Amino acid sequence: MQPLKVVRSRTVVIPLSNIDTDQIIPARFLTTTTKEGLGRHLFADWRYLADGAPNPEFVLNQAASLGCEVLVGGRNFGCGSSREHAPWALLDYGIRAVISTEIADIFRSNALKNGLLPVTVDEATAAWLLANPGAEVTVDLAAREVLLPTGAKAAFPIEAFARHCLLSGLDELAFLRSKQAEIERYEAARPDA
Amino acid sequence: MTPCTLFDKVWRAHEVVPETPDTPAVLYIDLHLIHEVTSPQAFSMLRSLGVPVRRPERTLATMDHSTPTRSEQVFGKIPIKLDAAAKQVRQLEQNAAEFGVELFGMRDARRGIVHVISPELGASRPGMTIVCGDSHTSTHGAFGALAFGIGSTEVGHVLATQCLLQRKPKTFAINVEGRLPPGVTAKDLILAIIGKVGVSGGTGHVFEYRGSTIRALSMDERMTVCNMSIEGGARAGMIAPDETTFAYLEGRPRAPNGADWASSVAHWRTLESDPGATFDASFDIDASALEPMITYGTNPGMVIPISASIPDLPGDAVHAKALGYMGFRGGEAMIGKPVNTVFIGSCTNGRLEDLAAAAQLLKGRKVAPGVHLLIVPGSQEIKREAEATGLSEVFKSAGADWRESGCSMCLGMNGDTIAAGQYSLSTSNRNFEGRQGVGARTLLASPLTAAASAVCGRITDPRELL
């Protein structure tokens, strides 16, 4: 994986709470056996009309959203199913960071493993971001801070090891595989394992 | 010694390397369940790294999400309608063969929804760690296992190392006291809990369901409760094992037997939260005050007692969007609203007791004209039992559509969907927009409420028909 240090971009805002993974990518697109090309199905049921044409009302279809790499959503982003297709679709579309006051556990874990930054900020920062779509923000992973165009900074928590892996481009599986001896010792000590 | 929670005991027993400030714990996984939708990318990763499955005997695969439920497509010569789904099924067959993983394939008598068949086999047992690339893996917590859903990258991690990197979650006690009134089921209980705790109330936590109400539940009912933990934001929900658990497991094909049985039960009896163990959060609920519950919106937390009116929340944009999608207005009653499709099935409510509950109401009655009642057993084993005990005859006589097992209309991946704007009263777990088809409107409820509503053609309090 490529190291990831900073995402600097205008934001695209979907001001809804509980955006679930069925909205991020509906189940009918999960019949793939690869990770590629899912960006075209991102938010499919909101993004396209019944005839397949882009829904002009939906924010991703508006000119200002082009090239935005930061998605701001309401509370509890990514709730629902464990489908990793959700972060795959967001990344394939071009989103590199998701900001909310709360991000669901499985989505957060899946996002971190693919280089999509799950960023949880305080209520005041989230309210400002929701009210100012298109704001140019900087998500600084090394500093664990979101920098707003007002000059305000908001700290965000991120699991230490996932951050280390993202900053240095390390693969978590390589770390797990380096624990081979410990795993063998554990299995030997547990007769049923 | 410091009193421990059930979760703590299971967690500690599986720490290969404990967590530090810099690194998560390396957690050993006892059982890895695999299905066709979230595993192909993980097997591709193993292939590209040239890595085998470390413990194939701790891995069990089946196909459930994208598989057809029509007998002629499962057993006959009619192919799977969706090409991509057929490809996924073939891919899993190939991956299982290549990596030496046991697979219950399309025509296997043991096939079914992954969270139904593992308990049925006696493969899900107290004190285990169980994972699957599916968020409803929380189901297996009903046995006192630590069971949670993972993504496909983590599926690859478990295949390669039999371990996961995990931060220790917090604990959340859900204390339930009182006897469930007649007509009020485990599904109503968990919907009521989610309504109170909220759809993100359990984020970062593992639920432990405790109290006299939980102790009185059967294993099928406990699985219904634990299944929907994720709908409250908790990756896992657990129930301490007891005599009910042991009685369920004894004699099942993969449960311990002989001398192993006695020693296993002796160990399992230690798997409960110690008196005085502390939880990071807790919530108390009185089961005796509950009614049948039904959702009115587009997440499982938008739920009310069936006799209540839809909340009127002026100025709440999310509420307004949900009601707009559902075609409802604040202040309206739920009872009496028309339904087009009724779905009884899923890993939440597709077990034998669920089918028996539905049959109790359907016996001697007919599905209302114009209503499609789809009944999909959770496994082929449940299908056989329902056929042997006459439940399927009750369903067919009532005019229901009786199918082969699978996830089916819970998420509509296999083409079992409903049309835009139609109402589906469903015993499944998610009422998200489009979950059962583009534009489909889902109402979650118990198998009793589903059967009563199918008979009347409108949302009906099952207690009227009992």
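How each quantity is defined
- Residues numbered from 1 in each chain as written.
- Chains lettered and ligands numbered in written order.
- Predicted model: local features only at pLDDT ≥ 70, side-chain atom pairs only at ≥ 80, totals over all residues.
- Helix = DSSP H or I, 4+ residues; strand = E, 2+ residues; numbered from the N terminus.
- Rg over C-alpha atoms; globule rule 2.2 N^0.38 Å.
- Buried ≥ 20, exposed ≤ 12 C-beta atoms within 10 Å, placed from the backbone.
- Contact = placed C-beta atoms within 7 Å.
- Pairing = 2+ DSSP bridges.
- Right-handed = clockwise from strand over helix to strand, strands pointing away.
- Axes fitted to C-alpha atoms, helices over the stretch in contact; angles between N-to-C directions.
- Parallel < 35°, antiparallel > 145°, perpendicular 65-115°, else oblique.
- Left-handed = near helix turned anticlockwise from the far one by under 90°.
- Nonpolar A, V, L, I, M, F, W, Y, C, P; charged D, E, K, R; others polar.
- Domains from an automatic or database assignment.

**Student:** Quick rundown of the overall build of chain A? Include the residues and the values.
**Tutor:** Across its full length, chain A holds 8 helices and 7 strands. The globule rule puts the C-alpha radius of gyration for 193 residues at 16 Å, and the 18 Å found for chain A is close to it. On the principal axes, the C-alpha backbone points of chain A span a range of 60 × 45 × 25 Å. The burial tally for chain A puts 46% of its 193 residues in the buried class. Long-range pairs, those at least 24 residues apart, make up 65% of the contacts in chain A between residues at least 6 apart in sequence.

**Student:** Describe in detail the overall build of chain B, supporting the description with residues and values.
**Tutor:** Check the secondary structure of chain B and you find 17 helices and 19 strands. For a compact globule of 466 residues, the expected C-alpha radius of gyration is about 23 Å, and chain B comes in at 21 Å, within 12% of that figure. Across the 466 residues of chain B, 59% fall into the buried class. In chain B, the share of contacts with a sequence separation of at least 24, taken over all contacts with a separation of at least 6, comes to 76%.

**Student:** Describe the pairing of strand E10 (residues 205-210) of chain B, with residues and values.
**Tutor:** Residue and element names in this part refer to chain B. Within E10, 6 of the 6 residues are buried, which leaves the element mostly enclosed by the surrounding structure. Burial along E10 is two-sided: the face carrying His205, Phe207 and Tyr209 and the face carrying Val206, Glu208 and Arg210 are both buried. Bridging between strand E9 (residues 170-177) and E10 involves 6 bridges; their strand directions are parallel. Paired with Thr171 across the bridge in E10 is Val206. Handedness of the β-α-β unit built from E9, helix H7 (residues 186-197) and E10 comes out right-handed. With 3 bridges joining them, E10 and strand E11 (residues 236-238) adopt parallel strand pairing.

**Student:** Would you mind going over the packing of H7(B) against helix H9 (residues 219-227) of chain B in detail, with residue names and values included?
**Tutor:** Residues and elements named next belong to chain B. Packing of H7 against H9 leaves a shortest axis separation of 9 Å and a crossing angle of 25°. One finds that H7 runs roughly parallel with respect to H9. By crossing handedness, the relation of H7 to H9 is classed as right-handed. Within the contact between the two elements, H7 uses Ala186, Lys187, Leu189 and Ile190 and H9 uses Glu221, Thr224 and Val225. By residue class, the composition of the contact of H7 with H9 is 4 nonpolar, 1 polar and 2 charged.

**Student:** Quick one: what's the story with the packing of helix H14 (residues 352-362) of chain B against helix H17 (residues 447-456) of chain B, residue by residue and with numbers?
**Tutor:** Residues and elements named next belong to chain B. Relative orientation of the contacting elements H14 and H17 amounts to 30°, with a least axis distance of 8 Å. Our classification of the angle between H14 and H17 gives roughly parallel. Handedness of the H14/H17 crossing: right-handed. Contact with H14, carried on its side by Asp354, Ala357, Ala358, Leu361 and Leu362, involves Pro447, Leu448, Ala450, Ala451, Ala452 and Val455 of H17 and no other residues of that element.

**Student:** I'd love a proper account of the interface of chain B and chain A, names of residues and values included.
**Tutor:** Accessible area lost upon the coming together of the parts is a frequently used measure of interface size. Residue-level contacts link 53 residues of chain B with 43 residues of chain A. Ranked by residues supplied to the side of chain B that touches chain A, first place goes to helix H6 (residues 152-161) of chain B with 6 residues. Across the side of chain B that touches chain A, the residue classes break down as 21 nonpolar, 23 polar and 9 charged.

**Student:** For the domain arrangement of chain B, give the residues involved together with the corresponding values.
**Tutor:** Residue and element names in this part refer to chain B. One can read the domain layout of chain B as domain 1 (6-166), domain 2 (170-254 + 265-288) and domain 3 (293-464). Here the C-alpha centroids of domain 1 and domain 3 sit 28 Å apart. Taken together, the contact between domain 1 and domain 3 spans 23 residues of the former and 21 residues of the latter. Ranked by the residues each element gives to the side of domain 1 that touches domain 3, the list is headed by helix H5 (residues 114-121), at 4 residues. For the side of domain 1 that touches domain 3, the residue count by class is 8 nonpolar, 9 polar and 6 charged.

**Student:** Provide a residue-level description of unusual backbone geometry, including the pertinent values.
**Tutor:** Residues and elements named next belong to chain A. Although it is not a glycine, Asn18 adopts a positive phi angle of roughly 55°. Position of Asn18 among the secondary structure elements: in the loop between strand E1 (6-14) and helix H1 (21-24). Despite not being glycine, Arg144 shows a phi value in the positive range, around 55°. Looking at the element boundaries, Arg144 is found in the loop between strand E5 (136-140) and strand E6 (145-147).

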